[in-house]
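Residue-level structural notes
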Amino acid sequence: GELDLITLSQEVIKNELFSLIDIIIPLIISIIVVLTISVDIYSGLYKNILLRMTYKEYILHKLKNIMLISNIIPLFILIINFIAGIITDFNLNIQPYYHNLYVYDSFIENNYILYLIFTYILTYLGCLLFGLISFICSIKEKSKIVAIVKSYLICVIVTFIDYYIV
């Protein structure tokens with residue numbers, strides 16, 4: 001049978017990527033955010049920055065950076081879908097025997113582009129939450145390592161609560 005975009009991309013994203021997301025993504029986001037904040041704080045650069053802008057403007061600038069950082073994983077998901085599309089010649093016709101192997105929702109099959117948009121938004125919001133948690137920890141903690149570990153653990157707990165309790 002001919003491999004389709006939905007089967008290939010969902011296999012890579014759901015079975016491979018998302019099995020790592022619970023562990024790796026909070027760590028990556030925590031490290032990036034804490035290091036970007038700590039570079040300013042520990043180098044004393046923020047004192048010079050605060051001469052040119054208010055504290056509120058500085059915080060808003062850092063929040064915009066977190067919003068950009070939060071796009072890394074969702075963009076990666078779109079790239080995986082694009083590569084899967086190239087490999088499968090953008091075939092969206094799922095072969096009947098794949099239905100027996102994988103659990104598909106009829107919404108995904110019939111509205112794949114809408115599903116991708118929805119997945120992008122939810123993944124972005126999750127990464128944004130991880131970034132905001134990391135931002136707060138980096139401001140509250142003096143040690144970069146403590147801030148990374150603390151924000152990572154909080155993000156993992158939030159992910160656990162989201163997946164298994166809610």
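Notes on the structure follow. (Residues numbered from 1 in each chain as written. Predicted model: local features only at pLDDT ≥ 70, side-chain atom pairs only at ≥ 80, totals over all residues. Heavy atoms only, no water.)

1. Considerations on the overall build of the protein
Filter applied, for reference: Helix numbering and strand numbering both begin at the N terminus, where a helix is a DSSP run of H or I of at least 4 residues and a strand a DSSP run of E of at least 2. We take the radius of gyration over the C-alpha atoms and set the globule estimate at 2.2 Å times the residue count to the 0.38 power. Here a residue-residue contact requires only that any non-hydrogen atoms of the pair lie within 4.5 Å. Exposure was quantified through the Shrake-Rupley algorithm and a 1.4 Å probe, taking into account, for residues, occlusion by the shown protein chains and nothing else. Under the convention used here, Asp and Glu are negative, Lys and Arg are positive, and both His and the chain ends fall outside the count. For this purpose, a charge sits on NZ of Lys, CZ of Arg, CG of Asp or CD of Glu.
Across its full length, the protein carries eight helices and zero strands. Ordering the α and β elements of the protein from the N terminus gives α-α-α-α-α-α-α-α. Against the globule reference of 15 Å for 166 residues, the protein gives a C-alpha radius of gyration of 20 Å, more extended than a compact globule. Taking the principal axes of its C-alpha atoms as reference, the protein extends roughly 65 × 35 × 20 Å. Long-range contacts, defined here as pairs at least 24 residues apart, represent 83% of the contacts in the protein between residues at least 6 apart. Here the protein displays about 10200 Å² of accessible surface, and carbon together with sulfur accounts for 71% of that area. The centroid of the 10 positive side-chain charges in the protein is displaced by 27 Å from the centroid of its 12 negative side-chain charges.

2. Notes on the packing of aromatic side chains
Inclusion rule: Pairing of aromatic rings covers Phe, Tyr and Trp, the last through its six-membered ring, and needs centres within 6.5 Å; plane angles under 30 degrees mean stacked, over 60 mean edge-to-face, and all others mean tilted.
A full pass over the atoms with the stated rule returns two aromatic pairs. When the ring of F82 is compared with that of F90, the centres are 6.0 Å apart and the planes differ by 55°; the resulting orientation is tilted. Geometrically, the ring pair formed by Y112 and Y115 is tilted, given 5.8 Å between the ring centres and 35° between the ring planes. Here Y112 and its partner Y115 are both found in helix α7 (residues 112-140), three residues apart, which amounts to about one turn of the helix.

3. Side note on the side chain of Q10
Heads up, the condition is: Only protein chains enter the accessibility calculation, which uses a 1.4 Å probe. A residue is then buried if its area is under 20% of the maximum for its type, exposed if over 50%, and partly exposed in between.
Checked against the element boundaries, Q10 lands in helix α1 (residues 5-43). Since its relative accessible area comes to 7%, Q10 is described here as buried. The residues contacting Q10, other than those within four sequence positions of it, are N15, Y112 and Y115.

4. A look at the side chain of T7
Within the secondary structure, T7 is located in helix α1. By relative accessible area, T7 is classed as buried at 3%.

5. Let's talk about unusual backbone geometry
Positive phi is not limited to glycine here, since D89 has a value of about 60°. The class of D89 is exposed, set by a relative accessible area of 68%. In this structure, F90 is a non-glycine residue whose phi angle is positive, near 55°. Tracing the chain through its elements places F90 in the loop between α4 (72-88) and α5 (96-101). Overall, the relative accessible area of 48% leaves F90 in the partly exposed class.

6. Examining the nonpolar core
What counts, and what does not: In this text, buried Ala, Val, Leu, Ile, Met, Phe, Trp, Tyr and Cys residues form a nonpolar core when linked through side-chain atoms within 4.5 Å.
By size, the foremost hydrophobic cluster in this structure holds 21 residues, and its most contacted members are I25, I29, V33 and F135. The element contributing the most residues to this core is α7, with seven residues. Residues within four places of I29 in sequence aside, it is in contact with I69, C127, F130, G131 and S134.

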